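Working through the structure, step by step
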Amino acid sequence: MRQLRAFLLRVIGSFRAAPDYREEMEAHLAFATQDNIRRGMSPDAARREALMQSGGFTRGAEGVHERHGLPWLQETLRDARLALRALRHNPAYTFVAVMTLALGVGANTAIFSVVRGVVLRPLPYREPERLVSLESTIGERGSSVSVPDFLDWRAQSTSMRGISASYTGTQQTVLTGSGEPERLTQVRVSANTLEVLGIAPLLGRGFADGEDDPGAPRVALLREDFWLRRFGGDSSIVGRTLVFDGFPTTIIGIAPRALGWPAEADVWMTTRFTPRDAAPVARGARWLTVIGRLADNATLAQSRDEFSAIATRLQQLDPTHNGDVGTRVTPLLESITGDLETPLYVLLGAVGFVLLIACANVASLSLGRVAARDGELAVRTALGASRGRIARQVLTENLVLATMGGVAGIGVAVLALKALLAVAPADLPRVSDVRLDGSVIAFTLALTVVSGIVFGVFPAVRAAATGVHDRLRSAGRSGRGSRESGKSRRVLVVAEVALAVVLVTGAGLLLRSFALLRAVDPGFRTDGVTTFTVLLPSTRYEGDARVESFTADLLARLHRLPGVSSAAMSFALPLSGDSFGFTFTISGREAANGADEPRAQARVASDEYFAAMGIPLLRGRLFDERDQRGGHQVLVISSELARRYFPDEDPIGRLLQTGWGNGIPGQSFGGEVIGVVGDVHQSAIEQDATPHMYMRAAQWPLDEFDVVVRSSAPYSAVVSGARGVLRALDPDIPLGAARPLGDLVDGALGHRRFYMLLLGAFAGVALALAIVGIYGVMAYGVRLRRQELGVRLALGASRGGVVRLVLGDGLQLVAIGIVAGTLAAFALTRLLASLLYEIKPTDPATFSVSVLALVAAATIACVLPARGASRLDPVETIRAD
């Protein structure tokens, strides 16, 4: 052993080609020596002790011997101190590695926060696993529930402890008489809703039995956030009377933030079903959202069987409206998240690929660092450190690096989550539950450890596998160890390119799909159109005459604003998320049943609505002064309704009746068809246009409606002018939900834009990391081949030939990675099928463009090292080596 140590000292003194090793070794020993001096050792003793520590030996009572007895914790702490010391000596390497890992860990943490908040976090109710969503089905399509069906379900079900209903979506209400009038969102629920959900108010009480009857006193719950903002958390608000829509309403309690069913709102009030709502003829009007709580002794399967039997009885009871209407019982969480699970898990998998590429990059850096430390590791091996001890030290260094990356990754996750929520669609369910909590931090810590192991094992094995003599040879020259390290790094680059191909191809598919969706004609023109909503308090605008008078005055005054070419009103604008549909009959035809029963979206619209929206007239005429209130009822229908129900005849002059009236004996929604207009996409751009029937507003006055203004004036000027008009007509009526009409289209594409942006961002990061990895490997390869390239140049090789040689070597790696990545992409992009529109997951054009983009980027990454190789001085290179 003494002879070997003397040999090592001579070798260390003779190293010429390893200045990095000498500097690193001396710096390492200097830091260790200084630490020992601070503990009270003399300089000579401190340096000897530093050498012993580096070699895996310690000093005992009988001299130097192998270290066996130190506790595990002390060994770990010593390894960690050595790792920190080594990383401190290489700040550039440490910074690049930590930032690369922070990017991967932070992005994964942010996406996991969304997945946990939306999909994995239990609903904030008592025994949430026993809550189910109940809906009607027409064929395979889910549907809202009619009031008669809801009442029958509640009366006949024994598998449910309770069943609750709500008007689908949110409505608007105006608070007056308590400071500045304010337009608020409200939901109306049956009186047992809080009991079914298993949630209690923060203050006061919930709704009592009978408070959802039509003649019951009006009561309401205020949402906690609104209560704090408007009333400063004043507990005396409970029991006070506030005026909503002109109706005095008693505040009975404060609803917690967790009460978000069926949607988040400022105010909760009770449903008040009228006899007309519950009449058997109203089974065709489906506009309720229903939930239930399973009884203690009931299972989901039993409940599904029971509701299937109830649906069969209702089909026999009313074959006209329920002939083909079934039921669907779904866990409430699954119903709320809908189709989000697949795309969110796809995003989580995609960002996992980014982390793998980051780990591959850091592993490549670590392999190069291990190769550069062959001399140091040779000394440690010769001084007695075992292969396991060397591997443990390298692995510890990488785990420390991963820990630093994980800590930085939490900071990246905070910023990434803010950016992610900023671009998230407004209707992303449970978005308020998305946050960095203990579970997410635990996920980050686990991810950090796994990442450290993933990119640390390969270099650790490489460090332990090389013998002392091989290390000494490679420390002096570019030997076997460095070349083996280069081969390992090339394998990692191939893996990086393959993963990047998958991500870039997936992002390309979503981008093409989004572009195709943007090109779809929604059926209306959005340029220069502003919309807002108006809600008239029914206590002050009783009767159709007063409502009609206000509406006519409002539209006339809006028309006089500068730049306005048309002003109109309607109910439930396309792509707004609101809808109201009916089944109907066609005069002269036998009534159809079940799925064959005609259905259409019903809209009330004023005369200029079609001009304001840019919906073309295809046949017949539009509404005009001939169509007065109390006169002959008329309809304008959409082209899709005409095609579907009048394929071989002219619909003009035909009578359509819904059978669900407006409370006037003998009247019902419907009338004679006078015109056919173009189709509009009501629910989603990617869905086919649905049949529509439009009634004239003068014949069907509404006290809540949307206003549509087409103007050449700027949006802000239109909103300001409209607000002034409303203030002049009635100061207690606020202008609500003002927005450009184009926002409806953007909102309808919000989810797809969200997925496209995120996957595109991940693909961009993956591509950048892959380029960096390719550049690093090629630059390292040129360094290993300096002598060979110098000899080639000295023997007459052209510099262009050297460029082609190096470039060909790099592109060979890229080609292997692209082939592997393309095969993987063919399999994995099928997961995106539900997110694509009019494009296949294996679209050849997208695959081709993605591959060309990667080849172009990889070529740039290879050109720089190749040009550097062509500029080598043959004489200096050969002399140096």
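Keep in mind it's a predicted model, so treat the numbers as computed, not measured. Starting from 1, residues in each chain are numbered consecutively following that chain's sequence as written. With the structure being a predicted model, the display of local features is reserved for residues of pLDDT at least 70 and the display and counting of side-chain atom pairs for 80 or more, all residues being used for whole-chain, interface and lining totals. Working from all heavy atoms in the structure, the side-chain values ignore hydrogens and water.

1. Points about the overall build of the protein
By definition, any uninterrupted DSSP run of H or I lasting at least four residues is a helix, any uninterrupted run of E lasting at least two residues is a strand, and each is numbered from the N terminus. A tally of regular secondary structure across the protein gives 28 helices and 27 strands. Relative to its 881 residues, the protein shows a buried fraction of 53%. Of the roughly 37600 Å² that the protein leaves accessible, carbon and sulfur atoms contribute 58%. Note on classification: 1.4 Å probe, protein chains only; a residue is buried when its accessible area is under 20% of the maximum for its type, exposed when over 50%, partly exposed between these limits. Each accessible area is a Shrake-Rupley estimate made with a 1.4 Å probe; only the visible protein chains count as cover when residues are assessed.

2. Focus on the packing of helix α5 (residues 91-120) against helix α15 (residues 387-423)
For the pair α5 and α15, the least separation of the axes is 5 Å and the interaxial angle reads 50°. Relative to α15, α5 is oriented oblique. When the axes of α5 and α15 are compared, the crossing they make is right-handed. For this classification, the nonpolar set comprises Ala, Val, Leu, Ile, Met, Phe, Trp, Tyr, Cys and Pro, the charged set comprises Asp, Glu, Lys and Arg, and every other residue, Gly included, is treated as polar. Considered class by class, the residues forming the contact of α5 with α15 number 19 nonpolar, eight polar and no charged. Axis definition: a line fitted to C-alpha atoms, limited for helices to the stretch in contact. Angles are taken between N-to-C directions and run from 0 to 180 degrees. An angle below 35 degrees is treated as roughly parallel, one above 145 as roughly antiparallel, one from 65 to 115 as roughly perpendicular, and anything else as oblique. If you view the pair so one helix is near and one far, a crossing is left-handed when the near helix is turned anticlockwise from the far one by less than a right angle, and right-handed when it is turned clockwise.

3. Brief notes about the confidence of the model for the protein
pLDDT expresses, on a scale from 0 to 100, how confident the predictor is about each individual residue. When pLDDT is averaged along the protein, the result is 83, and 85% of the positions lie at 70 or above. The contact criterion used is simple: two residues touch if any of their non-hydrogen atoms lie within 4.5 Å. The low-confidence segment residues 55-70, where pLDDT is below 50, has 29 contacts with residues more than four positions distant or belonging to other chains. For the stretch residues 662-667, pLDDT sits under 50, and the model shows seven contacts to residues farther than four places along the chain or on other chains.

4. Focus: the pairing of strand β14 (residues 286-294)
β14 sits mainly inside the fold: eight of its nine residues count as buried. Here, strands pair whenever DSSP counts at least two bridges between them. Bridging between strand β3 (residues 131-138) and β14 involves four bridges; their strand directions are antiparallel. Each residue of the ladder has a partner; that of leucine 131, found in β14, is arginine 293. Across two bridges, the pairing between strand β5 (residues 145-146) and β14 is antiparallel. Counted as the bridge partner of serine 146 is arginine 286 from β14.

5. Remarks on the nonpolar core
Remark: nonpolar core denotes a set of buried residues (Ala, Val, Leu, Ile, Met, Phe, Trp, Tyr, Cys) joined through side-chain atoms within 4.5 Å. Counting residues in hydrophobic clusters, the biggest one holds 95 residues, and the most contacted among them are Ile111, Tyr609, Ile615, Tyr694, Leu759, Phe762 and Ile774. With near-sequence residues (within four places) excluded, phenylalanine 762 lies in contact with Ile111, Leu347, Ala350, Val351, Val354 and Leu503. Residues Trp153, Leu294, Phe584 and Ile733 belong to the second largest nonpolar core, which totals 63 residues.

6. A word on a nonpolar patch on the surface
A patch consists of residues exposed above 30% relative accessible area that lack any salt bridge, with like charges linked at up to 9 Å and nonpolar side chains (Val, Leu, Ile, Met, Phe, Trp, Tyr) linked at up to 5 Å. A pair is scored as a salt bridge if a Lys or Arg side-chain nitrogen falls within 4 Å of a carboxyl oxygen belonging to Asp or Glu. Taken together, the side chains of Val449, Ile453, Val457 and Val461 define a hydrophobic patch exposed on the protein surface, amounting to about 310 Å² of accessible area. Looking at the element boundaries, valine 457 is found in helix α16 (residues 438-465). On the basis of relative accessibility, which here comes to 38%, the residue valine 457 falls in the partly exposed class.

7. Some points on the packing of aromatic side chains
Between rings of Phe, Tyr and Trp, where Trp is taken as its six-membered ring, a pair exists when centres lie within 6.5 Å; planes separated by under 30 degrees are stacked, by over 60 edge-to-face, and by other angles tilted. For the structure shown, the criterion picks out 14 aromatic pairs. Summarising the aromatic geometry, the rings of tyrosine 167 and tryptophan 287 are spaced 5.1 Å apart at their centres and angled 55° between planes, so their arrangement reads as tilted. Of the two residues, tyrosine 167 is situated in strand β6 (residues 160-167) and tryptophan 287 in strand β14; the sequence distance between them amounts to 120 residues. In this pair, the class of tyrosine 167 matches that of tryptophan 287, namely buried. Judged by centre distance (6.2 Å) and plane angle (45°), the ring pair of tyrosine 609 and tyrosine 694 falls under tilted. Here the residue tyrosine 609 occupies a position in helix α20 (residues 609-613), and tyrosine 694 occupies one in strand β25 (residues 692-696), the gap between them amounting to 85 residues.

8. Looking at the pairing of strand β26 (residues 704-711)
Among the eight residues in β26, seven count as buried, and that is most of the element. Direction of pairing for strand β16 (residues 529-535) relative to β26: antiparallel, over a ladder of seven bridges. For valine 529, the partnering residue across the bridge sits in β26 and is arginine 710. Summarising the sheet, strand β17 (residues 564-570) and β26 pair through six bridges and their orientation is antiparallel.

9. Brief notes about the pattern of salt bridges
All told, the structure shown has 37 salt bridges when counted by the stated rule. Residue arginine 257 is joined to aspartate 225 by a salt bridge in which the shortest nitrogen-to-oxygen separation is 2.4 Å. A residue pair is termed long-range when its members are at least 10 positions apart, and arginine 257 in the loop between β12 (247-255) and β13 (267-270) and aspartate 225 in helix α8 (residues 224-231) qualify at 32 residues. Owing to a relative accessible area of 42%, arginine 257 belongs among the partly exposed residues under this scheme. Where arginine 512 meets aspartate 843, a salt bridge forms, and the shortest distance between an N and an O atom there is 2.5 Å. Highlighted residues: arginine 512 in helix α18 (residues 480-518) and aspartate 843 in the loop between α26 (799-828) and α27 (844-870), separated in sequence by 331 residues.

10. Description of helix α10 (residues 300-317)
Here a helix's expected span is defined as the number of its residues, less one, multiplied by 1.5 Å. Spanning 18 residues, α10 covers 26 Å between terminal C-alpha atoms, matching the ideal 26 Å at 1.5 Å per step. Turning to α10, its buried residues are Ser303, Glu306, Phe307, Ile310, Ala311 and Leu314. Seen from one end, α10 has its buried residues packed into an arc of 145°, which puts them on one side. Turned more than 90 degrees off the buried face of α10, the exposed positions are Asp305 and Gln316. At its buried positions, α10 is contacted by β3, α6 (147-156), β6, β14, α11 (319-322) and β15 (325-331). Working note: the arc is built from the helix axis to C-beta atom directions.

11. So, the environment of glycine 106
Topologically, glycine 106 is positioned in helix α5. Taking the C-alpha atoms as reference, glycine 106 lies 7.9 Å from valine 414; in sequence the two are 308 residues apart. With near-sequence residues (within four places) excluded, glycine 106 lies in contact with Gly409, Val412 and Ala413.

12. Section: the side chain of serine 133
Relative to the helices and strands, serine 133 is located in strand β3. Two N or O atoms count as a polar contact when they lie within 3.5 Å, although within protein this holds only if one can serve as hydrogen donor and the other as acceptor, and sequence-adjacent residues are included solely when both atoms are side-chain atoms. Of the polar contacts made by the side chain of serine 133, one reaches the side chain of serine 335; its length is 3.3 Å. Aside from chain neighbours lying at most four places away, what touches serine 133 is Val290, Ile291, Arg328, Val329, Thr330, Pro331, Leu332 and Ser335.

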